[in-house]
Amino acid sequence: MGEGEIIMKKFFKILTASALAVSIAAGAAAFAACNDGDSVIKVAASITPHAEILTEVVKPALADKGYTLEVIEFTDYVQPNLVVGQGEADANYFQHNLYLEDFNAQRGTHLNAVAQVHYEPFAAYKGGKFTGGDLSALPNGAKIGIPNDGTNEARALKLLEKEGLITLKTDVVSSNATKLDIVSNPKNLYIVELEAAQVAKSLPDLAVGVVNGNYALQNSLKIADAIASEDKTDDAVRQYVNVLAVKAGNEESPKIKALVEALLSDDVKNFIQTRYGGAVVAVF
């Protein structure tokens, strides 16, 4: 083999090695791109109805568009916002507008609603310590359980006021009312503030519990069996519409847009109407 041939052979070896290195690097980059989460959408959600809607209807719709939906279930009203704020989830679906606004103000988070999805009527249910037919039959000193988080406590108190059981201060902002704002309580009702998820579970020890819609569903409480509920035609209930929320700045992300489109679909609306019997009402 001549000297020229040897030089050319070495050159081709170097070229081949370089090409192989580039190929490996490109492959690694492609693998990383497939696993960097661009096609994975993580959503933090309450178990019912939110996670059910996402898993049974939204997930297959997103799969058809090349996205993998991961639903992370939570049983409280704090962690779903924190994980989105910290970037551990892309979005959450569990809360209403007013709660989101209050959470941002109280916790310093920056989360925005990107879709208005459904409304869950807030209702009062009979507990184990009450045998009467309606709220007017409540005995003096009856024990009433309500959620203890700001906006939902106010919501429960407004429902009790609507039913004539209590009167709140006229100058109190309805969304900020607490039991300290009660100025009239003719039956001396003993109002107990409980973590929202615990109100339904505590019904055996209560005369009445005012329960969030999702927790009513989780505990097999039917809106038809409630002894009092919000007026769904009241314009004020719009502030209690459940939303899809994301961290500020991510509203225009392609995968968030795909998620919104899949969530605000006729398939989801039909699922809500069929599955929940009025306990969940689509608003889109």
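Described below are features of the structure shown in this document. (Residues numbered from 1 in each chain as written. Predicted model: local features only at pLDDT ≥ 70, side-chain atom pairs only at ≥ 80, totals over all residues. Heavy atoms only, no water.)

1. Some points on the packing of aromatic side chains
For any two aromatic rings, the description comes down to two numbers: the centre-to-centre distance and the angle of the planes. Considering all chains together, one arrives at 6 aromatic pairs under this definition. A ring pair is formed by Phe94 and Tyr99, whose centres lie 6.1 Å apart and whose planes are at 75°; its orientation type is edge-to-face. Overall, the relative accessible area of 3% leaves Phe94 in the buried class. With a centroid separation of 6.0 Å and an interplanar angle of 80°, the aromatic rings of Phe271 and Tyr276 are classed as edge-to-face. In this pair, the class of Phe271 matches that of Tyr276, namely buried. By way of ring pairs, the aromatic residues Tyr77, Phe94, Tyr99, Phe103 and Tyr215 are connected into one cluster. Here Lys126 stacks its cationic end above the ring of Phe130, 5.6 Å away from the centre of that ring. One cation-aromatic arrangement involves Arg155 over Tyr240; the distance from NZ or CZ to the ring centre is 4.1 Å. (Phe/Tyr/Trp six-rings, centres within 6.5 Å; stacked < 30°, edge-to-face > 60°. Buried < 20%, exposed > 50% of the residue type's maximum accessible area, 1.4 Å probe, protein only. Lys NZ or Arg CZ within 6 Å of the ring centre and 35° of its normal.)

2. A closer look at the environment of Val199
By the element assignment, Val199 lies in helix 6 (residues 196–201). On the basis of relative accessibility, which here comes to 0%, the residue Val199 falls in the buried class. A C-alpha to C-alpha distance of 9.2 Å links Val199 and Ala216, two positions 17 residues apart in sequence. (Helix = DSSP H or I, 4+ residues; strand = E, 2+ residues; numbered from the N terminus.)

3. With respect to the sheet that holds strand 1 (residues 40–46)
Pairing in this open sheet of 6 strands is mixed, and the strands run 2-1-3-12-4-13 from one edge to the other. On the outer flanks of this sheet lie strand 2 (68–74) and strand 13 (281–282), each paired with one strand and no other. In this structure, strand 3 (residues 91–96) lies alongside strand 12 (residues 241–247), joined through 4 bridges in antiparallel fashion. Bridging across to strand 12, Gln95 finds its partner in Val243. (Pairing = 2+ DSSP bridges.)

4. Let's talk about the pattern of salt bridges
Inspection of the entire model under this criterion finds 10 salt bridges. Note that Lys158 and Glu161 form a salt bridge whose closest N and O atoms lie 3.1 Å from each other. Note that Lys158 and Glu161 are positioned in helix 5 (residues 150–162) at a spacing of 3 residues, about one turn of the helix. The partly exposed category is assigned to Lys158, whose relative accessible area is 35%. Take Glu161: its relative accessible area is 23%, and that puts it in the partly exposed class. The salt bridge partner of Asp181 is Lys169, with a shortest N-O separation of 3.7 Å. (Salt bridge = Lys/Arg side-chain N within 4 Å of Asp/Glu carboxyl O.)

These values are about where atoms sit, not about what they do.
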